[in-house]
Amino acid sequence: MPYQFAEPLLPDEAQIGFDIRIPEDWNQYDLSSDGIAGLRKALLDAAASDPRQAQTVDELFQNVAQIAHDARSSGLLNAAGTFERYEDGFFMATVCVLAFKEPPGQDLDPIKLLDHVHPPSATEAEGTWLRKSLVELPESGADLCARMFGVADYRLDEEQGQGIRSVLMHTAFRVPGLKTRVLVSCSSPNVEHQSEILELFDAITSTAWFWKRLPDTGVPR
């Protein structure tokens, strides 16, 4: 999922970009309102034979639609995911790439960025947990990376206590050469397989890398 940053302070013709590889059988999403609605309908049709699956998909898309609406105005660059049906259930997962500008006069440390991802209520219930750490991803080209991972609840309705429990992995990067931070956010509702899913998310995130093209050579670096 390649992306080139639009940065007015870069020299003419200089370019800085980001890319991450997703599994071959995953699909990159159209994040427009029509795109989200079409994806929801397709997944509901696929899950129509199982009322439990259909209800889970419908609840997830209440969340997805709101997140996509909010994120388009707050830094969402790309998103992709998969929905696979099996005899005994389904597997669903998404990966999103977001970018955030560093506030003027402040150093937005990647690990501090993660402090704002989930409210304390996300890990209040039994069975939920989140851990934070620094991680080394030298192939990415970023000098400092921070990660949060675990199982957390996302509240759809605070008053009624409705929510979705998901396996999560968020990895924050400094963009080399820019005052921008990138967040790769992975999630899946299949919490019964959290260890395997976290390994998958780690493998996907490990493919992230930054590139730059300077006007004097025109060669990616």
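As shown above, the structure is provided for reference.
Here's a quick rundown of the structure. (Residues numbered from 1 in each chain as written. Predicted model: local features only at pLDDT ≥ 70, side-chain atom pairs only at ≥ 80, totals over all residues. Heavy atoms only, no water.)

Section: the overall build of the chain
In step 1: Across its full length, the chain carries four helices and ten strands.
In step 2: In the chain, the succession of α and β elements from N to C terminus is β-β-β-α-α-β-β-α-β-β-β-β-α-β.
In step 3: Sorting the 221 residues of the chain into buried and exposed places 44% on the buried side.
In step 4: Restricting to contacts in the chain with at least 6 residues of sequence separation, those with at least 24 account for 61%.
In step 5: Looking at the chain as shown, the accessible area adds up to about 12,100 Å², and 51% of this sits on carbon and sulfur atoms. (Helix = DSSP H or I, 4+ residues; strand = E, 2+ residues; numbered from the N terminus. Buried < 20%, exposed > 50% of the residue type's maximum accessible area, 1.4 Å probe, protein only. Contact = heavy atoms within 4.5 Å. Areas by Shrake-Rupley, 256 points an atom, 1.4 Å probe, with all protein chains shown as cover.)

Section: the nonpolar core
In step 1: Within the largest apolar cluster, 32 residues are counted, with the highest numbers of intra-cluster contacts made by Phe 5, Phe 18, Phe 173, Val 182 and Val 184.
In step 2: When residues of this core are traced back to their parent elements, those giving at least two are β2 (15–19), β4 (76–86), β5 (89–101), β7 (145–157), β8 (162–174), β9 (180–188) and α4 (194–205).
In step 3: The greatest single-element share of this core, amounting to five residues, is contributed by β5.
In step 4: If you look at the next biggest cluster of nonpolar residues, it comprises nine residues, including Leu 108, Ala 146, Met 148 and Ala 172. (Core = buried A, V, L, I, M, F, W, Y, C linked by side-chain atoms within 4.5 Å.)

Considering the side chain of Thr 180
In step 1: Relative to the helices and strands, Thr 180 is located in strand β9.
In step 2: In contact with Thr 180, other than residues within four places in its own chain, are Phe 5, Ala 99, Phe 100, Lys 101, Phe 173, Arg 174 and Val 175.

As for the packing of aromatic side chains
In step 1: Going through the model one piece at a time under the given rule, you end up with five aromatic pairs.
In step 2: Between the aromatic rings of Phe 18 and Phe 210, the centroid separation amounts to 4.9 Å while the plane-to-plane angle is 55 degrees, which identifies the pairing as tilted. In this pair, Phe 18 is assigned in strand β2 and Phe 210 in strand β10 (residues 209–213), connecting sequence segments 192 residues apart. Side by side, Phe 18 and Phe 210 carry an identical accessibility label, which is buried. (Phe/Tyr/Trp six-rings, centres within 6.5 Å; stacked < 30°, edge-to-face > 60°.)

What to know about the environment of Asp 202
In step 1: Here Asp 202 shows up in helix α4.
In step 2: Taking the C-alpha atoms as reference, Asp 202 lies 9.2 Å from Cys 186; in sequence the two are 16 residues apart.
In step 3: When near neighbours in sequence (up to four residues on either side) are disregarded, Asp 202 contacts Arg 147 and Met 169.
In step 4: Separated by 2.7 Å, the side chains of Asp 202 and Arg 147 make a polar contact. (Polar contact = N/O pair within 3.5 Å; in protein donor to acceptor, adjacent residues only side chain to side chain.)

What about the side chain of Thr 128?
In step 1: Its place among the elements puts Thr 128 in the loop between α3 (110–114) and β6 (129–135).
In step 2: Look at Thr 128 and you get buried, because its relative accessible area is 12%.
In step 3: Engagement of the side chain of Thr 128 in a polar contact is seen with the backbone oxygen of Thr 123, the distance being 3.2 Å.
In step 4: One polar contact links the side chain of Thr 128 to the main-chain carbonyl oxygen of Ala 125, over a distance of 2.6 Å.
In step 5: Excluding its chain neighbours within four sequence positions, the residues that come into contact with Thr 128 are Ala 122, Thr 123, Val 151, Ala 152, Asp 153 and Arg 165.

Description of the environment of Ile 197
In step 1: Residue position: Ile 197 is located in helix α4.
In step 2: The class of Ile 197 is buried, set by a relative accessible area of 4%.
In step 3: Setting aside its immediate chain neighbours within four residues, Ile 197 contacts Phe 91, Val 167, Ser 188 and Asn 190.

With respect to the sheet that holds strand β1 (residues 3–4)
In step 1: Taken together, the three strands give an open sheet; going across it, the order is β1-β2-β10, and neighbouring strands pair in antiparallel fashion. With one partner strand each, in any of the chains shown, β1 and β10 form the two edges of the open sheet.
In step 2: Relative to β10, β2 runs antiparallel, the two sharing five bridges. In the sheet register, Phe 18 faces β10, and the bridge partner there is Phe 210. (Pairing = 2+ DSSP bridges.)

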